[in-house]
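Each chain, letter by letter, is given below.
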Amino acid sequence: MGLVGFPNAGKSTLLSVVSAAKPEIANFPFTTLVPNLGIVEYRNHRSFVMADIPGIIEGAHEGKGLGLRFLRHIERNSILLFMVPADSDNIHQEYKVLLNELRQYNPELLDKQRLLAITKSDMADEELQSEIKSDLPDIPFVFISSVAQKGITELKDMIWNVLEASNKG
Ligand SMILES: Nc1nc2c(ncn2[C@@H]2O[C@H](COP(=O)(O)OP(=O)(O)OP(=O)(O)O)[C@@H](O)[C@H]2O)c(=O)[nH]1
Ligand SMILES: [Mg+2]
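Please read these numbers as outputs of a predicted model, since none were measured by experiment. (Residues numbered from 1 in each chain as written. Chains lettered and ligands numbered in written order. Predicted model: local features only at pLDDT ≥ 70, side-chain atom pairs only at ≥ 80, totals over all residues. Heavy atoms only, no water.)

Colleague: What am I meant to see in the overall build of the protein chain here?
Modeller: The secondary structure content of the protein chain amounts to four helices and six strands. Secondary structure elements in the protein chain, listed N-terminal to C-terminal, are β-α-β-β-β-α-β-α-β-α. Referenced to the eigenvectors of the C-alpha coordinate spread, the extents of the protein chain come out at roughly 45 × 40 × 30 Å. Considering only contacts within the protein chain whose residues lie at least 6 apart along the sequence, 61% involve residues at least 24 apart. Each charge class in the protein chain was averaged separately, 17 positive and 22 negative side chains, and the resulting centres sit 7 Å apart. (Helix = DSSP H or I, 4+ residues; strand = E, 2+ residues; numbered from the N terminus. Contact = heavy atoms within 4.5 Å. Lys, Arg positive; Asp, Glu negative; His and termini not counted. Charge placed at Lys NZ, Arg CZ, Asp CG, Glu CD.)

Laid out in structure tokens, this is it:
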């Protein structure tokens with residue numbers, strides 16, 4: 001499965017808390033310049049691979065930012081986890097921008113299973129969380145905080161269930 005998000009969304013931080021990978025993490029965009037892979041241990045000695053992809057911005061399909069050349073690294077994955085921070089001005093809109101960039105790169109990417117993680121949710125109180133919930137895309141979502149270790153088990157369960165379902169075809 002692969003992580004899809006704007007720069008600074010918390011992709012590498014998530015990878016660092018669910019796997020042994022030690023990606024660079026910093027509070028500025030384009031920290032990750034090449035994809036990082038990590039193995040996520042799941043219950044009963046099962047595991048799956050998580051690919052931390054460099055951040056995508058609007059216009060990436062035209063080469064803006066780092067462009068989309070890294071997306072080939074996730075073409076093989078069956079699941080895409082979209083990651084949008086809880087303090088984003090408009091989570092639904094950010095998701096749409098990301099989706100549109102993927103579509104422009106390769107429409108087949110939209111056949112993949114999509115999940116949404118609202119990251120940095122330690123920065124969103126209950127009121128903001130319910131406000132966020134009132135306008136989300138129609139895909140499974142979870143609030144997570146890699147820093148506070150919240151929602152991580154729920155996220156892994158969600159990913160695992162989708163992986164299992166897609167393996168059974
Ligand atoms: N409060 C809070 N901050 C977080 C959380 N996760 C990540 N951050 C912070 O967000 C900033 C960006 O995190 P990264 O993991 O480097 O973000 P990224 O998505 O990999 O960014 P790029 O590599 O630039 O695409 C860092 O300062 C992190 O410490 C979280 O759960 N809560
Ligand atoms: Mg990163």
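Colleague: In this structure, what is going on with the coordination of the magnesium ion (ligand 2)? I would like to understand it.
Modeller: Six octahedral donors around a metal ideally sit at 90 or 180 degrees from one another, while four tetrahedral donors ideally sit at 109.5 degrees. All of the protein donors around the magnesium ion (ligand 2) are Ser12 (OG) and Thr32 (OG1); their distances to the metal are 1.9 to 2.1 Å. Here Ser12 is found in helix H1 (residues 11-18), whereas its partner Thr32 is found in the loop between H1 and strand E2 (36-42), with 20 residues between them in sequence. This pair shows no difference in class: Ser12 is buried, exactly as Thr32 is. (Donors = N, O, S within 2.8 Å, 3.2 Å for Na, K, Ca; no water. Buried < 20%, exposed > 50% of the residue type's maximum accessible area, 1.4 Å probe, protein only.)

Colleague: What am I meant to see in the pairing of strand E1 (residues 2-5) here?
Modeller: The two faces of E1 match: Gly2 and Val4 on one face and Leu3 and Gly5 on the other face are all buried. The pairing of E1 with strand E3 (residues 46-52) spans two bridges and is parallel. The partner of Gly2 across the bridge, within E3, is Ala51. Across four bridges, E1 lies against strand E4 (residues 79-85) in parallel orientation. Within E4, the residue paired with Val4 across the bridge is Phe82. (Pairing = 2+ DSSP bridges.)

Colleague: Help me out: how do you make sense of the nonpolar core in this one?
Modeller: Most often, soluble globular proteins keep nonpolar side chains buried together rather than apart. Counting 28 residues, the largest nonpolar core has Val4, Ile56, Leu71, Phe82, Leu102, Leu116 and Ile118 as its most contacted members. Sort the elements by how many residues they give to this core and helix H2 (residues 91-105) lands first, with five residues. Those residues in contact with Ile118, other than ones at most four positions away along the chain, are Val84, Pro85, Ala86, Ile91, Ile132, Leu136, Phe141, Val142, Phe143 and Ile144. In this structure, Met1, Leu3, Val40 and Met158 belong to the second largest nonpolar core, which totals 25 residues. (Core = buried A, V, L, I, M, F, W, Y, C linked by side-chain atoms within 4.5 Å.)

Colleague: Can you help me understand the site of ligand 1 in this one?
Modeller: Ligand 1 sits among 22 residues. The nearest are Lys11, Thr13, Phe30, Thr32 and Asp122. In the environment of ligand 1, an oxygen atom lies 2.9 Å from a nitrogen or oxygen atom belonging to the backbone of Gly10. Here an oxygen atom of ligand 1 and a backbone polar atom of Ala26 are 3.3 Å apart. A total of 660 Å² of accessible area belongs to ligand 1 in isolation, and the protein chains cover 89% of it. In the shell around ligand 1, the residues fall into nine nonpolar, 10 polar and three charged. (Near = heavy atom within 4 Å. Polar contact = N/O pair within 3.5 Å; in protein donor to acceptor, adjacent residues only side chain to side chain. Areas by Shrake-Rupley, 256 points an atom, 1.4 Å probe, with all protein chains shown as cover. Nonpolar A, V, L, I, M, F, W, Y, C, P; charged D, E, K, R; others polar.)

Colleague: Mind showing me how you'd approach the packing of aromatic side chains here?
Modeller: Remark: the centre distance and the inter-plane angle together describe each pair of aromatic rings, the angle taken between the planes. By the definition in use, this model includes four aromatic pairs. Put simply, the rings of Tyr42, Phe48 and Trp160 pair up and form one aromatic cluster. (Phe/Tyr/Trp six-rings, centres within 6.5 Å; stacked < 30°, edge-to-face > 60°.)

Colleague: How do you make sense of a nonpolar patch on the surface when you look at a structure like this?
Modeller: A grouping of Leu37, Ile39 and Val49 is seen on the molecular surface, where their side chains present a nonpolar patch of about 290 Å² in accessible area. Position of Ile39 relative to the elements: it lies in strand E2. (Patch = residues over 30% accessible without salt bridge, like charges linked within 9 Å, V, L, I, M, F, W, Y side chains within 5 Å. Salt bridge = Lys/Arg side-chain N within 4 Å of Asp/Glu carboxyl O.)

Colleague: Whenever I open this one, H1 confuses me. Can you help?
Modeller: Think of an α-helix as turning once every 3.6 residues; residues three or four places apart then point the same way. Across the eight residues of H1, six count as buried, placing the element largely inside the fold. Listed in full, the buried residues belonging to H1 are Lys11, Ser12, Thr13, Leu14, Leu15 and Val18.

Colleague: What am I meant to see in the side chain of Asp52 here?
Modeller: Mapped onto the elements of the fold, Asp52 is located in strand E3. Salt bridges are absent for the buried Asp52, whose nearest opposite-charge side chain, Lys11, sits at 5.5 Å. When neighbours within four sequence positions are excluded, Asp52 is seen to be in contact with Leu3, Lys11, Ser12, Leu15, Pro23, Thr32, Val34, Pro35 and Asn36.

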